[in-house]
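# Topology and contacts: notes
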Amino acid sequence: MRYSAALAALAMASLASAQNATTVVVGLAPGGAGPALAFDPPTVKAANGTVITFEFRGAPGNHTVTQSTFANPCAQMAGGFDSGYIQIPAGTTEGFPTWNLTITDDSKPIWYYCAQTVPSPHCIGGMVGGINTPDTGNTYENFLAAAKAIPPASFSGSATAPALTGPGASATAAPGPFSGSITGFAIPTEAGGASGSASASGGASGTGSGSGAPAPSTTGGNNNGAMSAAANGAVVLLSMVAGAALL
Ligand SMILES: [Cu+2]
């Protein structure tokens, strides 16, 4: 009885403040209206030890969560974290992979972006996010504006293999699990798996000069065969646990 009451309280606390949200949706517009170049919410406050769950929901979509710097919003930070590319086929409605990033230094802002280059650089389109961002000076709004001002020709993608650790945050595992047609880590296409989509197959040539997109290699799938059924429940639970830590 007391246990369930505590769980309910945790759930309410978790839902009470968007600012302290610990689940960030990758690839949906704020509010959840369709595929878009966005992280939702774009900024979160998270104390040390908080687990932020990135949930790759945009379908179709192929996105990354890649650490950058305020000074260079759309370039992978040296030694920064990187989820690798996660491709969600059109029509996917469940089994979305997640990536859990634990905050290890809440004294400095953490900046990140999506490194996808197809059909055009998502970062320059505004797919950027921040953790513990300042309210003045180097704000998220200024970070976003700087990203949008970058010449597309100067943009490059990120490495295909995930990097689990970066300044201020780290993960203990790569994104996953991958179920159905969801794949990852080496697929710089926007909407693979969407049958009959000319734009998807044509996208690769549209990246233009300087894309620097990683060369397709072997299909990802390090996590193929991992259990998938519990994915959504795990997100909720982690969110609740982190919510308690923030109280
Ligand atoms: Cu993206």
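Okay, so let's go over this structure. (Residues numbered from 1 in each chain as written. Predicted model: local features only at pLDDT ≥ 70, side-chain atom pairs only at ≥ 80, totals over all residues. Heavy atoms only, no water.)

## As for the state of the cysteines
- Per the counting criterion, the structure on display carries 1 disulfide.
- For Cys 74, the disulfide goes to Cys 123, at an S-S distance of 1.9 Å. Linking Cys 74 and Cys 123, the disulfide has an S-S dihedral of approximately -80 degrees and is accordingly described as left-handed. Placement of the pair is Cys 74 in the loop between β6 (66-68) and β7 (86-88) and Cys 123 in the loop between β9 (110-113) and β10 (128-131), with a sequence separation of 49 residues. (Disulfide = S-S within 2.5 Å. Helix = DSSP H or I, 4+ residues; strand = E, 2+ residues; numbered from the N terminus.)

## As for the coordination of the copper ion
- The protein atoms donating to the copper ion are His 63 (ND1), Cys 114 (SG), His 122 (ND1) and Met 127 (SD), with metal-donor distances spanning 2.0 to 2.5 Å.
- Here the copper ion binds 4 donor atoms, and the angle range of 93 to 126 degrees at the metal identifies the geometry as tetrahedral.
- Look at where the donors of the copper ion fall in the sequence and you get H-x50-C-x7-H-x4-M.
- A relative accessible area of 1% means that His 122 is categorised as buried.
- Given a relative accessible area of 0%, Met 127 falls into the buried group. (Donors = N, O, S within 2.8 Å, 3.2 Å for Na, K, Ca; no water. Tetrahedral: all angles 85-135°; square planar, octahedral: opposite > 155°, others 65-115°. Buried < 20%, exposed > 50% of the residue type's maximum accessible area, 1.4 Å probe, protein only.)

In short, geometric facts, not functional conclusions.
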